[in-house]
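Observations on chain architecture
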Amino acid sequence: MLSRKEELERKKARLQAMREEKKKKEERRKKEGEDSTVQESKGDLRAETEQLLKDLGISAEEASPKPVRVARAATVDGAQVASSAVSTSSDQESGDGVQPSFSPSPRRGAKLGLSKLSQTNIPPKEQVVYTKQTQTPSESTDKSVLVYPDNALSTDEEGDMSLPETPPILKRHHALPHVASVKPAETEADAQLKQEAAPPCELSEEEKEKIVASAEFARFFDRASRVVERALCEDSDIFLDYTGGDKEEGEGEKDTGAKLSLNRTFYDEKWSKHRTVTSMDWSTQFPELLMASYNQNEDAGHEPEGVVLVWNQRFKKTTPEYVFHCQSGVMSATFATFHPNLVIGGTYSGQIVVWDNRLNKRTPVQRSPLSASAHTHPVYCVNVVGSQNAHNLVSVSTDGKFCTWSLDMLSQPQESMELQHKQAKAVAATCMCFPYGDVNNFVVGSEEGAVYTACRHGSKPGVLDMFEGHMSPVTGIDCHVAQGQVDFSYLFLTSSFDWTVKLWSLKENRPLYSFEDNGDYVYDVQWSPTHPALFGTVDGMGKLDLWNLNTDTEVPLASVTIEESTALNHLRWSQSGHQIAAGDDMGKIHIYDVGEHVATPKSDEWSKLVHTLQDLKNNKVDAEEALISTPIR
């Protein structure tokens, strides 16, 4: 049993010895492998160095450093000079492990002595250059920096490169820097600008057609062509003398005293030729814009029957700013007061149409249907009444219907009312007007020659009263709008085919006065928006008259006749009251300047008009009494 135990112990000891011996062998093998790797890496590095020197044209023998031994045992002037040997050798850990041997230099050692050393710093010469440039230089300007010469390598005349005799680190301290121009680094923004500056590429025909057909290009071209046309038509007189020195004697006084002078004429050969101007309206937001509606051109059956043109008074161009049309003659049109981009028209067929100048479209964007619930006869008057937050479109036609519309929906009228007086037949309305500041009560003229007052809402909506005086259809009606010391909103004027213009008061059923100076149909009448006693009329003989009730009631204050002998059938005052537009039956619109002394009211004009109205009433009473007292024969 004991021998068995001893045998096991011997086996364990032998096994432990074998393990230790194996471990030592592995460590010895690992160490030998690392040494061989270092040897190989050093050999490879030496081979790469020799190959690099060979590429530069330097042999390995020339590149190997030569040992230099300097004997320093000389004595100069009795002073002992210490010296040491300066030698260079190759790396101690070379591949072969052989220590390099040094041989003494064949040259004799030079005798050295002491000398005084003086150090001087010479700054580089600054070159000052003056150039004309902006105060803020361009970002691409070269920047000046100090550059130190690199003496690590020198180049001989033949272009071969060789190592310097003196180490570069010793020479660099004595090399002077110089100023050199260095371009700044190029940023991404600079690179992007260069790309943008590159010449544009040529588009293919398909790409060109696609761009031209796009809606964005159509809007751009429409806007750009309108702007260019305005610029080309401007002919400002740069030699204008505001002192009047360039005018002949008496010419300045004559122009100053003119009551009516022609400013310009609007006419388009394509759209307004042989068409009659049916209505006009000035824009409230852009006072320089004048809109006119035209009926059918009988000589051009293929063209649209109804046309609306928007003219620009500010620029000298002869073409309209906007062109709109529809398939029925436009009998009345107006700017939407609270929507300046919308143009509203009433047509001969009875439809209400709406155009929008924000869209590149000449046809209506909305239109009412042809139904019995709306108009079935020509619409001779459309108007927008109300306030910014609550307004409606109202229209009247010869079928006797008064309709109220919402501009958001024209599928059917919000309200429809029959204009009838005392169970009689429907009133064939030809014109309509609302008194100033009133959105409920209004007056209408009819084909029978009678004038009616009516209201939209109340206990009895519809026709309220009738005013008799005209013997023929009423062509125009207008309520007093000039605001001042006295309220004359109860006054209104009417024109008729019976060659007369009558002055009315809502308080009386008979006319206050009848103006009978015209010799033809009187087509339109309108009050001045600024002067309380001034109004204008146009007739079939092409005559434009200005009347001032405070000056004379028998003859007009100013009168002008169109030279073409055409009929003037519509007129509109500008908002300032210093211009008046008259449209004829040949498609032309004549803009007249009203003299300053005529258009601008004096402070006592309102009080004068009160006395004038009283005189007219007194004269009317005297005439009626004289007529009654005259015996009948």
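Some details on the packing of aromatic side chains
Summed over all chains, the structure comprises 19 aromatic pairs. Judged by centre distance (6.2 Å) and plane angle (80°), the rings of Tyr521 and Tyr523 are edge-to-face. What makes Tyr523 partly exposed here is its relative accessible area of 24%. Members of the aromatic cluster, joined through ring pairs, are Tyr513, Phe515, Trp527, Phe535 and Trp547. Above the ring of Tyr267, the side-chain terminus of Lys588 is found at 5.5 Å from the ring centroid.

Side note on a negative patch on the surface
Together, Glu205, Glu206, Glu207 and Glu209 make up a negatively charged patch on the protein surface. Structurally, the position occupied by Glu207 is in helix α5 (residues 205-212). On the accessibility criterion, Glu207 (39% relative accessible area) is partly exposed.

Looking at the pairing of strand β10 (residues 306-312)
Across the seven residues of β10, seven count as buried, placing the element largely inside the fold. Residues Gly306, Val308, Val310 and Asn312 point to one face of β10 and Val307, Leu309 and Trp311 to the other, with burial holding for every one of them. Pairing of strand β9 (residues 289-294) with β10 involves six bridges; the strand directions are antiparallel. Across the sheet, Leu290 pairs through a bridge with Trp311, a residue of β10. Relative to strand β11 (residues 322-326), β10 runs antiparallel, the two sharing five bridges. If you follow Val307 over to β11, its bridge partner there is His325.

Observations concerning the sheet that holds strand β13 (residues 339-347)
Reading across the sheet, the four strands line up as β12-β13-β14-β15 and stay open at both edges, with antiparallel pairing between neighbours. Looking along the sheet, the strands with just one partner apiece sit at the ends: β12 (330-336) and β15 (366-367).

Digging into the pattern of salt bridges
Side chains that differ in charge, positive against negative, can pair when their charged atoms come close. Tallied over the full model, the rule gives 13 salt bridges. With its nearest N and O atoms 3.6 Å apart, the salt bridge here joins Arg314 to Glu288. Here Glu288 lies in the loop between β8 (277-282) and β9 and Arg314 lies in the loop between β10 and β11, a separation of 26 residues in the sequence. Close ionic contact of Asp524 with Arg572 constitutes a salt bridge, the shortest N to O distance being 3.7 Å. Of this pair, Asp524 sits in strand β28 (residues 522-527) while Arg572 sits in strand β32 (residues 568-573), and the two are 48 residues apart along the sequence. Taking relative accessible area as the criterion, Arg572 reaches 22% and is therefore assigned partly exposed. Three or more residues are tied together by salt bridges with common partners; here these are Asp517, Lys543 and Asp545.

Considering the side chain of Ser446
For Ser446, the location among the structural elements is in strand β21 (residues 441-446). On the basis of relative accessible area, Ser446 is assigned to the buried category, the value being 0%. Apart from residues lying up to four places away in sequence, Ser446 is in contact with Val427, Ala428, Ala429, Thr430, Tyr452, Pro473 and Val474.

Thoughts on the sheet that holds strand β18 (residues 401-405)
The strand order across the open sheet built from four strands is β16-β17-β18-β19, with neighbouring strands paired in antiparallel fashion. Sheet topology places β16 (379-386) and β19 (415-418) at the edges, where each strand pairs with a single neighbour. Here the average twist between neighbouring strands, direction ignored, is 20°. Two strands pair when backbone bridges link them, and β16 and strand β17 (residues 391-397) are joined in this way by seven bridges, in the antiparallel orientation. Each bridged residue has a counterpart across the sheet, and for Val379 the counterpart in β17 is Ser397.

A look at the confidence of the model for the protein
When the pLDDT values of the protein are averaged, the result is 79; 74% of them are 70 or greater. Within the model, the stretch residues 168-174 combines pLDDT values under 50 with seven contacts to residues more than four positions away or in other chains.

Quick look at the nonpolar core
Within the largest apolar cluster, 19 residues are counted, with the highest numbers of intra-cluster contacts made by Leu493, Leu503, Phe515, Phe535, Leu549 and Leu613. Those elements giving two or more residues to this core turn out to be β25 (491-496), β26 (501-505), β27 (513-515), β28 and α9 (605-629). Per-element accounting of this core gives the leading share, four residues, to α9. Among residues more than four places away in sequence, those in contact with Leu613 are Phe488, Tyr490, Leu491, Leu503 and Leu512.

The rules we used
Residues numbered from 1 in each chain as written. Predicted model: local features only at pLDDT ≥ 70, side-chain atom pairs only at ≥ 80, totals over all residues. Heavy atoms only, no water. Phe/Tyr/Trp six-rings, centres within 6.5 Å; stacked < 30°, edge-to-face > 60°. Buried < 20%, exposed > 50% of the residue type's maximum accessible area, 1.4 Å probe, protein only. Lys NZ or Arg CZ within 6 Å of the ring centre and 35° of its normal. Patch = residues over 30% accessible without salt bridge, like charges linked within 9 Å, V, L, I, M, F, W, Y side chains within 5 Å. Areas by Shrake-Rupley, 256 points an atom, 1.4 Å probe, with all protein chains shown as cover. Salt bridge = Lys/Arg side-chain N within 4 Å of Asp/Glu carboxyl O. Lys, Arg positive; Asp, Glu negative; His and termini not counted. Charge placed at Lys NZ, Arg CZ, Asp CG, Glu CD. Helix = DSSP H or I, 4+ residues; strand = E, 2+ residues; numbered from the N terminus. Pairing = 2+ DSSP bridges. Contact = heavy atoms within 4.5 Å. Axes fitted to C-alpha atoms, helices over the stretch in contact; angles between N-to-C directions. pLDDT = per-residue confidence, 0-100. Core = buried A, V, L, I, M, F, W, Y, C linked by side-chain atoms within 4.5 Å.

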